[in-house]
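Here's the letter readout for the chains.
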Amino acid sequence: MLYWLTGFSDGGDFFNLFRYITFRAGGAFFTALIFGFVFGRPLINLLKRRQRNGQPIREDGPQSHLVTKAGTPTMGGVLILGALVVSTLLWARLDNAYIWITLFVTMGFGAIGFADDYAKVSKNNTKGVSGKKRMGLGLLIAAIAGIAASMVHPDALTFQLALPVFKDTLVNLSYFFIPFAMLVIVGAANAVNLTDGLDGLAIMPVMIAAGTLGVIAYAVGRVDFTDYLGVHFVPGTGEILIFTAGLIGGGLGFLWYNAPPAAVFMGDTGSLALGGALGAIAVATKHEIVLAIVGGIFVVEALSVIIQVVYFKRTGKRVFLMAPIHHHFEKMGWAEPQIVIRFWIISLILALIGLATLKLR
């Protein structure tokens with residue numbers, strides 16, 4: 001919005017700053033950060049009043065959680081989404097299709113998560129919206145986003161799968177690109193949701209992945225950068241950097257209250273929305289495979305659940321002491337802060353590897 005208010009002004013160099021994506025990204029970051037600090041405590045107080053018992057804790061999870069996490073309110077993802085949407089609408093170009101696609105996915109999955117959280121706290125049990133309904137709505141949102149992205153992509157990249165490292169190679173998925181995009185978006189949403197099991201565990205890897213994808217979006221949206229790096233030019237994706245800057249700012253504002261011991265959980269409201277956002281950005285920038293690298297923590301968390309379920313059904317035995325895998329490490333005796341910080345470190349390493357794919361050939 002500020003781009004339109006100042007972008008055509010003759011007010012000199014100051015107003016010309018609003019033409020630069022990097023300047024507006026900085027504005028989005030600080031706007032979201034301040035939003036988180038200003039509204040964080042009032043939101044938590046409101047959630048505490050509305051949720052007498054806090055988030056219901058699964059009885060089949062680690063028994064320590066029944067004591068340490070009982071009574072903590074959920075739906076804190078509202079804080080992240082509020083900061084993200086306000087900062088994006090304020091600083092991004094609103095004629096950019098990728099911004100609206102990403103916001104649509106984020107808010108769509110956020111609505112699914114909100115309904116699920118509300119059902120849990122209102123009934124005071126861990127059964128929210130049925131898995132079939134959540135999956136069906138998620139697939140519908142992802143399908144719309146995939147179709148929209150394919151319509152906006154340059155003709156040379158429409159329905160194509162770009163490969164990291166092998167940069168001249170494109171795999172023509174034809175109309176199978178839409179189901180592929182749906183898999184990426186829905187898979188990312190649910191993988192982040194599975195990761196959100198310890199205080200601060202999910203939000204930092206999400207911010208790291210978002211920051212990485214934001215840099216990639218900025219790079220592939222500039223023809224001079226793509227010529228140098230040898231990657232495919234996707235015009236318009238640079239604006240996504242503003243969205244990811246808002247996500248990081250809002251995420252840090254939330255982490256202030258979610259750091260151990262958490263005063264609030266993001267809930268499915270936040271985890272589904274943020275995961276969906278990462279998937280949407282990957283589809284928009286043609287870096288779906290790179291998402292699997294920079295979001296490797298989420299991939300491992302999801303795979304640990306799949307492996308555990310399949311192996312138990314076949315043999316009656318477990319591969320992990322408990323799934324998702326962060327609970328396995330809890331059972332091994334790792335302290336919660338150890339698990340969280342070590343997962344953060346791994347996420348940062350994976351992000352650097354993901355960025356390296358821009359130059360590797």
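Please refer to the structure higher up on the page.
Residues numbered from 1 in each chain as written. Predicted model: local features only at pLDDT ≥ 70, side-chain atom pairs only at ≥ 80, totals over all residues. Heavy atoms only, no water.

Visitor: Talk me through the overall build of the protein chain; I want residue IDs and the actual numbers.
Guide: Regarding its fold elements, the protein chain presents 16 helices and two strands. Along the longest, intermediate and shortest principal axes, the C-alpha atoms of the protein chain span 60 × 45 × 35 Å. Each of the 361 residues in the protein chain was classed as buried or not, and the buried ones make up 53%. Looking at the protein chain as shown, the accessible area adds up to about 16200 Å², and 68% of this sits on carbon and sulfur atoms. Across the protein chain, the 27 positively charged side chains and the 19 negatively charged ones have centroids separated by 10 Å. (Helix = DSSP H or I, 4+ residues; strand = E, 2+ residues; numbered from the N terminus. Buried < 20%, exposed > 50% of the residue type's maximum accessible area, 1.4 Å probe, protein only. Areas by Shrake-Rupley, 256 points an atom, 1.4 Å probe, with all protein chains shown as cover. Lys, Arg positive; Asp, Glu negative; His and termini not counted. Charge placed at Lys NZ, Arg CZ, Asp CG, Glu CD.)

Visitor: Could you give an account of the pattern of salt bridges, naming the residues involved and the relevant values?
Guide: In total, this model carries seven salt bridges according to the counting rule given. The partner of Asp-116 in a salt bridge is Lys-120, with the nearest N and O atoms 3.2 Å apart. Residue Asp-116 and its partner Lys-120 are both found in helix H6 (residues 97-123); the two are separated by four residues, about one turn of the helix. Of the two residues, Asp-116 and Lys-120, both sit in the buried class. (Salt bridge = Lys/Arg side-chain N within 4 Å of Asp/Glu carboxyl O.)

Visitor: Help me get a handle on the side chain of Thr-226, residues and values and all.
Guide: You can see Thr-226 is positioned in helix H10 (residues 223-229). If we skip the residues at most four places from it in the chain, Thr-226 touches Ala-219, Val-220, Val-231, His-232 and Phe-233. (Contact = heavy atoms within 4.5 Å.)

Visitor: Describe unusual backbone geometry, with residues and values.
Guide: With an omega dihedral of -10°, the bond running from Pro-260 to Pro-261 counts as a cis peptide bond. The residue Pro-261 is located in the loop between helix H11 (240-258) and helix H12 (267-285) in this model. Geometrically, the link from Ala-323 to Pro-324 is a cis peptide bond, its omega value of 0° lying close to zero. Residue placement: Pro-324 occurs in the loop between helix H14 (296-315) and helix H15 (325-331).

Visitor: Just give me the short version of H6, but keep the residues and values in it.
Guide: For H6, spanning 27 residues, the distance from its first C-alpha to its last is 39 Å, which sits close to the expected 39 Å at 1.5 Å a residue. Two to three positions downstream of the cap, the backbone nitrogen of Tyr-98 sits 2.9 Å from a side-chain oxygen, assigning the N-cap of H6 to Asn-96. At the C-terminal side of H6, Asn-124 shows a positive phi close to 55°. (Expected span 1.5 Å × (residues − 1). Polar contact = N/O pair within 3.5 Å; in protein donor to acceptor, adjacent residues only side chain to side chain.)

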